[in-house]
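# A closer look at the structure
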Amino acid sequence: MLIYLFIFLASIGALAYSQGGIYAESKKKEKDVLIVFMLGLALFVGMSDMLGGYDRYIYAEFFDDTADIVSHGQQWNTAAVFNQYYSEQGYGWFNVAVALVSNNRYIFIFLTTIIIYFLLYLSIKDYCSNYPFAIILFLGLWFFFTFTYLRQILGATIVWLAIKYIVERKLWKFLLICLIAYKFHNSAIVVVPLYWIPIKKYSSSQVMTVMGIALFLGLTGVPTALFSAYGEVDAERAGVAGNIIGFRMAYMIEAAFFLYLILSKYNEIPDKPIVLVMLNMALIFCAILLFFIRNENGGRLSWYYMIGVISTITYLCTHGTRVKNYSNLMIVVCFYLFFRILSSWGMQISPYKTFFTNGIREGDVIEQLYEYDHGYDEDKFYRPAFRFLDDK
């Protein structure tokens, strides 16, 4: 657990390091911090040994099957991943592309993670006004999910590349990137309507009216019925359907908290197109949480709007009035969220272990339940890491 706490404390130290001095010098420090942190986190997550839970085993097993088919010279699209994700062929072909390089699930996870963090780097660089503070928000809000929800995280980080085309009003480029993201995870379709939302700042009363409607609809259970009609019927694929509960208090608290932060400094948000797009994404994030207030996993659809929250809250905590109070509050909240997941996930995430050492972690219940190939227990590289190094 200590290594995770060190990462969070290092992010606070990086924020302090980047402050002060002339503007150009501070921005250079911020960019250096962003590059170092994104690379470091990519290596940390990518080199971990099946941490994060059940989903890694799903994706790894499909990849190993794909690699076997490529090795045996069979028709690539007969791999099980194409049948499992029949409407998400982009992810299937991504498996094939990596299988042409490696037979080993750890290399697949490593390369996937590197891509994810590179895309994250691009989005934070393009959309956030203070990189170190954005990193702190990322650690509190999204970091741990990059260990396990590989497909949906890929879908989100890909679709964020399309946001700039909303500002530039380049519809076909926007739709093309959305289509690519959709072919990795169908839920990426939730970003498409953003293009047609006017780029402006809505009044506080309009915002609260929309939030009230979202909450009302969420309480009725309508969202789950909509997803059932859409055909998203299993929890792994949809992350939403079939998970009705009484009331998701965590969603309510999270939405209310971010709405408070945003609306209390609403007048200080500048009328710049990209800033307003990020603001509207942050508000949609809150609306989705309220819309799925009775659904166990519906909040995962809000991930596609997460960059809006990170960008908007970063701006409010580093610009304008009362920034010290806002930034200190947000750092404390992010640490709480970070520590809460770290504690609740338990063995899924801690103790940390890389795939460079053989064997398994003592008492790893997830491995005991879901390991499909115990050859990896004895030798992590019994399946060749890279095809050109295979002497067979």
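Residues numbered from 1 in each chain as written. Predicted model: local features only at pLDDT ≥ 70, side-chain atom pairs only at ≥ 80, totals over all residues. Heavy atoms only, no water.

Here the focus is the overall build of the protein. Helix and strand content of the protein: 19 helices and 0 strands. The C-alpha radius of gyration of the protein comes to 21 Å, within 12% of the 21 Å expected for a compact globule of 392 residues. In terms of overall dimensions, the protein has a C-alpha envelope of 65 × 50 × 40 Å along the principal axes. Within the protein, the fraction of its 392 residues that count as buried is 54%. Once local pairs closer than 6 in sequence are excluded, the contacts in the protein between residues at least 24 apart make up 77%. Taken as a whole, the protein presents about 16,800 Å² of accessible surface, with 66% of it coming from carbon and sulfur. Distance from the positive charge centre (30 side chains) to the negative charge centre (29 side chains) of the protein: 13 Å. (Helix = DSSP H or I, 4+ residues; strand = E, 2+ residues; numbered from the N terminus. Rg over C-alpha atoms; globule rule 2.2 N^0.38 Å. Buried < 20%, exposed > 50% of the residue type's maximum accessible area, 1.4 Å probe, protein only. Contact = heavy atoms within 4.5 Å. Areas by Shrake-Rupley, 256 points an atom, 1.4 Å probe, with all protein chains shown as cover. Lys, Arg positive; Asp, Glu negative; His and termini not counted. Charge placed at Lys NZ, Arg CZ, Asp CG, Glu CD.)

A word on the pattern of salt bridges. A side chain of one charge can pair with a side chain of the opposite charge when the charged atoms of the two come close. Applying the stated criterion to the full structure yields 12 salt bridges. Note that Glu371 and Arg105 form a salt bridge whose closest N and O atoms lie 3.0 Å from each other. On the criterion of sequence distance, the pair formed by Glu371 in the loop between α18 (365-370) and α19 (375-378) and Arg105 in helix α6 (residues 105-127) is long-range, its members being 266 residues apart. For Glu371, a relative accessible area of 10% corresponds to the buried category. Since its relative accessible area comes to 0%, Arg105 is described here as buried. Residues Glu168 and Lys170 are paired through a salt bridge, measuring 3.3 Å at the closest nitrogen-oxygen approach. Three or more residues joined by partner-sharing salt bridges are found here, namely Asp49, Lys353 and Lys380. (Salt bridge = Lys/Arg side-chain N within 4 Å of Asp/Glu carboxyl O.)

Before going further, it helps to spend a moment on the packing of aromatic side chains. Two measures describe an aromatic ring pair: the distance that separates the ring centres and the angle between the ring planes. This structure, assessed with the given rule, holds 44 aromatic pairs. Here the aromatic rings of Phe8 and Phe335 are separated by 5.4 Å at their centres, their planes lie at 65°, and the arrangement is edge-to-face. Here the residue Phe8 occupies a position in helix α1 (residues 2-18), and Phe335 occupies one in helix α17 (residues 323-345), the gap between them amounting to 327 residues. For Phe335, a relative accessible area of 33% corresponds to the partly exposed category. With 5.2 Å between their ring centres and 45° between their planes, Phe8 and Phe338 make a pair best called tilted. With Phe8 in helix α1 and Phe338 in helix α17, this residue pair connects regions lying 330 residues apart in the sequence. (Phe/Tyr/Trp six-rings, centres within 6.5 Å; stacked < 30°, edge-to-face > 60°.)

Another point: the packing of α6 against helix α7 (residues 131-141). Two numbers describe how α6 lies on α7: the axes approach to 10 Å, and their chain directions differ by 130°. On the basis of the axis angle, α6 is oblique to α7. Between α6 and α7 lies a crossing of right-handed hand. Of α7, the residues touching α6 (which contributes Tyr117, Leu120, Ile124 and Lys125) are Tyr131, Ala134 and Phe138. In the contact of α6 with α7, the residues fall into 6 nonpolar, no polar and 1 charged. (Axes fitted to C-alpha atoms, helices over the stretch in contact; angles between N-to-C directions. Parallel < 35°, antiparallel > 145°, perpendicular 65-115°, else oblique. Left-handed = near helix turned anticlockwise from the far one by under 90°. Nonpolar A, V, L, I, M, F, W, Y, C, P; charged D, E, K, R; others polar.)

Relative to the helices and strands, Glu61 resides in helix α3 (residues 54-71). Take Glu61: its relative accessible area is 42%, and that puts it in the partly exposed class. Here the alpha-carbon distance between Glu61 and Asp373, two residues 312 residues apart in the chain, equals 8.5 Å.

To continue, consider helix α11 (residues 204-220). Between its first and last C-alpha, α11 extends 25 Å over 17 residues, near the 24 Å set by a 1.5 Å rise per residue. Restricting attention to buried positions, one finds in α11 the residues Val207, Met211, Ala214 and Gly218. Buried residues of α11, viewed axially, fall in a sector of 60°; they line one side. Gly221 sits one or two positions beyond α11 and adopts a positive phi of about 85°. (Expected span 1.5 Å × (residues − 1). Arc of directions from axis to C-beta.)

It is worth spelling out the packing of α1 against α7 at this point. Two elements in contact, α1 and α7, have axes separated by 8 Å at closest approach and are oriented at 165°. Comparing the axis directions of α1 and α7 gives the class roughly antiparallel. Considering the relative orientation of α1 and α7, their crossing is left-handed. For the pair formed by α1 and α7, the contact residues are Ile7, Phe8, Ser11, Ile12, Ala14, Leu15 and Ser18 on the first element and Pro132, Phe133, Ile135, Ile136 and Leu139 on the second. For the contact of α1 with α7, the residue count by class is 10 nonpolar, 2 polar and no charged.

The subject of this paragraph is α3. An α-helical turn contains 3.6 residues, so a residue and the one three or four places further along point in the same direction. The first and last C-alpha atoms of α3 sit 26 Å apart over 18 residues, in line with the 26 Å expected at 1.5 Å per residue. Most of α3 is tucked away, with 13 of its 18 residues classed as buried. Residue Gly73 follows α3 closely and has a positive phi angle near 70°.

Mean pLDDT over the protein works out to 90, with 92% of the residues at or above the 70 mark. The model gives residues 229-242 a pLDDT under 50, and that stretch makes 34 contacts with residues more than four places away or in other chains. (pLDDT = per-residue confidence, 0-100.)

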